[in-house]
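# Residue-level structure breakdown
Given next are the chains, with one letter for each unit.
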Amino acid sequence: MLSERRLEVLRAIVQDYVGTEEPVGSKALTERHRLGVSPATVRNDMAVLEDEGFIAQPHTSAGRIPTDKGYRLFVDKLAGVKPLSSPERRAIQNFLAGAVDLDDVVGRTVRLLAQLTRQVAVVQYPSLTRSTVRHVELLALAPARLMLVLITDTGRVEQRMIDCPAPFGETSLADLRARLNSRVVGRRFADVPQLVQDLPESFENEDRGTVSTVLSVLLETLVEETEERLMIGGTSNLTRFGHDFPVMIRPVLEALEEQVVLLKLLGEAKDSGMTVRIGHENAHEGLNATSVVAVGYGSGDEAVAKLGVVGPTRMDYPGTMGAVRAVARYVGQILAES
């Protein structure tokens, strides 16, 4: 276990390196921070931190920089989450409140996160596997052609065209719409097949074929749309950090183009708490020089998806964690109100 003083020295090294981009020496530490000890004592503490693997000496400098292990201890033990100011919170709320639909909410969230943190922002669309049905609309386009509109509790809207086996009257359509909604509204997608399986039998013989067709399209939509979708923004922010990546920026950009990699990075949506993955904790080799800060968001107590940022390990962790958490909270509120 490190002593309190050595933890303070580590905190100071992380803060200075993140702020200045320069390796940190003992003299600068004692000048900038009230550590209450001499430069010689700080040098000794830095030697211990280096032996323990929390800091390292880059080839070109006498100063020291934090390692992945050092950043991890900083995040776990030393870094509080920095709250946003009142003007920042108001700006977030106003910007997100202007969204007109779910795509707009996700798009605005990506832009906002990228601007606030100056990192790459990644936002997962609300997962339909954890969504519930808000409404199913059926519209007649022709005597034997319908449009099915599925609306979820998170504001997602899916439309499908249906060619019916026979003409379907307005009365039958209104009846099917009412019965379908009475069974599925407020229910999870996974429960819907069970809830509607006997619905065709409650209709007249001549309508059963169309009812079965409508139900099969609805169930196909539920299955298709469980595929996860993502939006990413702010990749140009990485160019500001070119010197933070040991070889070059291309492996990072290539990794960010792979949706599977990004979904793994964000983690399971049901784990709604804040996760911070640092450097080599990221399994994908292209992202070994990056850190990921992610958190779940949702319209109630349960997270329906995740959002987060990717940037270099030399990251303002308290500020980034504060911004990510605040944005997730406001997105959740907007989904609940939509």
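Residues numbered from 1 in each chain as written. Predicted model: local features only at pLDDT ≥ 70, side-chain atom pairs only at ≥ 80, totals over all residues. Heavy atoms only, no water.

The name given to the protein chain in an unreviewed UniProt entry is Heat-inducible transcription repressor HrcA, and the organism recorded there is Streptomyces clavifer. The protein chain has a UniProt comment under Sequence similarities (unreviewed entry) that states "Belongs to the HrcA family." (UniProt positions renumbered as here; feature names shortened; annotations may be inferred.)

All right, on to the packing of helix 1 (residues 4-20) against helix 4 (residues 68-78) then. Packing of helix 1 against helix 4 brings their axes to within 10 Å, and their N-to-C directions diverge by 110°. As summarised for this structure, helix 1 and helix 4 are arranged roughly perpendicular, according to the angle between their axes. Crossing handedness for the pair helix 1 and helix 4: left-handed. Together, L7, L10, R11, V14, Q15, Y17 and V18 of helix 1 and G70, Y71, L73, F74 and L78 of helix 4 make up the contact between the two elements. Looking at the contact of helix 1 with helix 4 residue by residue, the classes come out as nine nonpolar, two polar and one charged. (Axes fitted to C-alpha atoms, helices over the stretch in contact; angles between N-to-C directions. Helix = DSSP H or I, 4+ residues; strand = E, 2+ residues; numbered from the N terminus. Parallel < 35°, antiparallel > 145°, perpendicular 65-115°, else oblique. Left-handed = near helix turned anticlockwise from the far one by under 90°. Contact = heavy atoms within 4.5 Å. Nonpolar A, V, L, I, M, F, W, Y, C, P; charged D, E, K, R; others polar.)

Once that is clear, we can look at helix 11 (residues 259-266). Looking at helix 11, one finds that the buried residues are V261, L262, L265 and L266. For helix 11, the angular spread of the buried residues around the axis is 130°, confining them to a single face. Of the exposed residues in helix 11, the ones pointing more than 90 degrees away from its buried face are V260 and K264. Looking at the buried side of helix 11, the elements it contacts are strand 3 (120-124), strand 7 (230-233), helix 10 (250-256), strand 8 (275-278), strand 9 (290-297) and strand 10 (305-312). Positive backbone phi, approximately 85°, marks G267, located one or two places after helix 11. (Buried < 20%, exposed > 50% of the residue type's maximum accessible area, 1.4 Å probe, protein only. Arc of directions from axis to C-beta.)

The terminal C-alpha atoms of helix 7 (residues 170-184) lie 21 Å apart, and with 15 residues this matches the ideal 21 Å at 1.5 Å per residue to within 8%. Among all positions of helix 7, only S172, L173, L176, R177, L180, N181 and V184 are buried. Burial along helix 7 is one-sided: seen end-on, the buried residues are contained in an arc of 155°. Facing away from the buried surface of helix 7 by more than 90 degrees, the exposed residues are T171 and S182. Two residues or fewer past helix 7, G186 is found with a positive phi of approximately 80°. (Expected span 1.5 Å × (residues − 1).)

Right, let's talk about the pairing of strand 9 for a bit. Counted residue by residue, strand 9 has eight buried out of eight residues, so it is predominantly covered. By the alternation rule, side chains of strand 9 split into T290, V292, A294 and G296 and S291, V293, V295 and Y297, which are all buried. Taken together, the four bridges between strand 8 and strand 9 define a ladder with antiparallel strand orientation. Residue pairing across strands places I278 opposite S291, the latter belonging to strand 9. The pairing of strand 9 with strand 10 spans eight bridges and is antiparallel. Among the inter-strand pairings, V295 is bridged to a residue of strand 10, identified as L307. (Pairing = 2+ DSSP bridges.)

Soluble globular proteins tend to pack their nonpolar side chains together in the buried interior. By size, the foremost hydrophobic cluster in this structure holds 58 residues, and its most contacted members are L29, Y297, L307 and Y317. Counting residues per element, this core draws most heavily on helix 12 (residues 317-337), which supplies eleven residues. Membership of the second largest hydrophobic core comes to 24 residues, among which are I162, L176, V184 and V217. (Core = buried A, V, L, I, M, F, W, Y, C linked by side-chain atoms within 4.5 Å.)

This next bit is on unusual backbone geometry. You will see that E21, though not glycine, has its phi angle at about 65°, which is positive. Of the residues examined, E21 reaches a relative accessible area of 38% and is grouped as partly exposed.

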